[in-house]
Each structure stands twice: as structure tokens, then as C-alpha cells.
Amino acid sequence: MAQQRIEKFTCPHCKNERQRPVLEHINVDLEPEMREKVRDLSCFEWRCPICGKTTLVLDPCLYHDMSNQFMVWLWTEEGDTPDASGFDPLTGYTLRRVDSPNAFREKIAILETGLDDRAIEIMKLLLAMQLQRSMDIVDLLFHAYDERAASFRFAVVLSDGSEQYAAMQGETYTRIARDVEERLFTPAKDFIKIDLDWATEALELLRDA
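For clarity, every value in this text was computed on a predicted model and none was experimentally measured.

### With respect to the pattern of salt bridges
Item 1. Scanning the entire structure with this criterion turns up 17 salt bridges.
Item 2. We note a salt bridge from Arg39 to Glu36, for which the minimum N-O separation is 3.3 Å. On the criterion of helical spacing, the pair formed by Arg39 and Glu36 is a turn pair, its members being 3 residues apart in helix α1 (residues 34-39).
Item 3. Using a relative accessible area of 41% as the deciding quantity, one classes Arg39 as partly exposed.
Item 4. For Glu36, a relative accessible area of 44% corresponds to the partly exposed category.
Item 5. The salt bridge partner of Asp117 is Arg96, with a shortest N-O separation of 2.7 Å. Linking Asp117 in helix α3 (residues 117-131) with Arg96 in strand β7 (residues 94-98), this pair joins segments that are 21 residues apart in sequence. Neither Asp117 nor Arg96 differs from the other in exposure class; each is buried.
Item 6. One salt-bridge network, held together by shared partners, links Arg96, Glu106, Lys107, Asp117, Glu121 and Lys124.

Given below as C-alpha cells:
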């Protein structure tokens, strides 16, 4: 089973205090049914036994995919980072850290597809720079890779709550992934946060190189 501990929790709806399980670790090779629960975030839902209402409760949680050799740490604690001291992953593992539920499932979707998330984040940055001239963008997320069209689709979340989709050609990914692999260094034994802030710095390094 997924590893869980129990703690007290106050329902935000009825204000009653009850115990709830805390999900700290997910291994989808041992529990394949958890893969879908992560995609829809239902793994973090808690139903109050008093009022019956459901709340999304985000705890620090380590997602482990042994088959695809990656771990993603959802770290929701402000002003702190997960303690990975003494952690010695197997050679070839990709280790990442995210701080939001959307970034959590997006990062997992990217890595389980076998894509380089560093290249994807730079693609997102380039796309955002292009689209923000005419759109008020709140978020930009990887959606899927279309093998037939050899293109990447991204979900564009706008300030009014609506979503649109934008695409970038596969050649762009291939070029960026090659540059990142050859010209940028990413520590292998740390849980690195690869996001748009990272992409901004990385793009500047690649342009100056």
C-alpha cells in the first residue's frame, strides 16, 4: 500500500476535527491504480465523515516510478526544501521537486512519456513569450505529444478561467533537448525544481554560450 500516517485535521466546511490519513509516498509500480488518482488528484481528497463534503488536502508527497526511473516530490512547505541528505537513488534516475498540484501531475506526465522536462519548460517559456502579447495568461501546462502530427500540445489557462490549446513542432523540442543535454549541467542527486524560472535562466545561459 501507499505509505500513510494519521494526523488530526479540521474540516474547513464544518470545522469539526477528525483524523485523516496523510499520503507521503506513492509507488505506482506497486500500486498502479494510484496513477489515475494522481492524474485527477483524487489521491489527495479527504471526505469529512461529519458533513460529507470533500476537501483537497495537499501534503508533501514523493511519487516514485521505478519503471520509468524518476521521482517527483510535491513539496508544499513554504520557505523550506525537502531533506534529501543520505538519499542515494539508482544511477539514471531523474529527481524533481514541484510546489503545486498542477505542476505535480504535469511533471509526472512529462517524465513518464520519456521527455526531457528541461526542454519542455523552455518550450513553455518561448510559447508564453509569444502568446502573452495577445492573451492574459495565468498558467501554461504540457498537455500531450501528438506522434502523428509530431507536435506538442500545451494547455493555456487564461485569467477569465477559460482554456485554450497551443502547439509547437517536434523539431523545436529536438533542438532544445540537444542544446540542454550538451550545454547545461543539471545535478543528478538533488531534487531540482525545473520550472519557468529555471527556464528563464537556462535560456539566457544558452544564448550567451
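### A word on the nonpolar core
Item 1. Counting 30 residues, the largest nonpolar core has Ile120, Ile122, Met123, Phe152, Phe154 and Tyr173 as its most contacted members.
Item 2. Per-element accounting of this core gives the leading share, 8 residues, to α3.
Item 3. Formed by 18 residues, the second largest nonpolar core is a distinct cluster that contains Val38, Phe70, Phe104 and Ile108.

### A word on helix α2 (residues 101-112)
Item 1. In a regular helix each residue adds 1.5 Å, so 12 residues correspond to 16 Å; α2 covers 17 Å between its end C-alpha atoms and thus fits that length.
Item 2. Turning to α2, its buried residues number three or more, namely Pro101, Ala103, Phe104, Glu106, Lys107, Ile108, Ile110 and Leu111.
Item 3. Looking at the packing, one finds that the buried side of α2 touches α1, β5 (61-65), β6 (70-74), β7, α3 and β8 (137-146).
Item 4. Residue Gly114 follows α2 closely and has a positive phi angle near 85°.

Criteria and thresholds
Residues numbered from 1 in each chain as written. Predicted model: local features only at pLDDT ≥ 70, side-chain atom pairs only at ≥ 80, totals over all residues. Heavy atoms only, no water. Salt bridge = Lys/Arg side-chain N within 4 Å of Asp/Glu carboxyl O. Helix = DSSP H or I, 4+ residues; strand = E, 2+ residues; numbered from the N terminus. Buried < 20%, exposed > 50% of the residue type's maximum accessible area, 1.4 Å probe, protein only. Core = buried A, V, L, I, M, F, W, Y, C linked by side-chain atoms within 4.5 Å. Expected span 1.5 Å × (residues − 1). Contact = heavy atoms within 4.5 Å.

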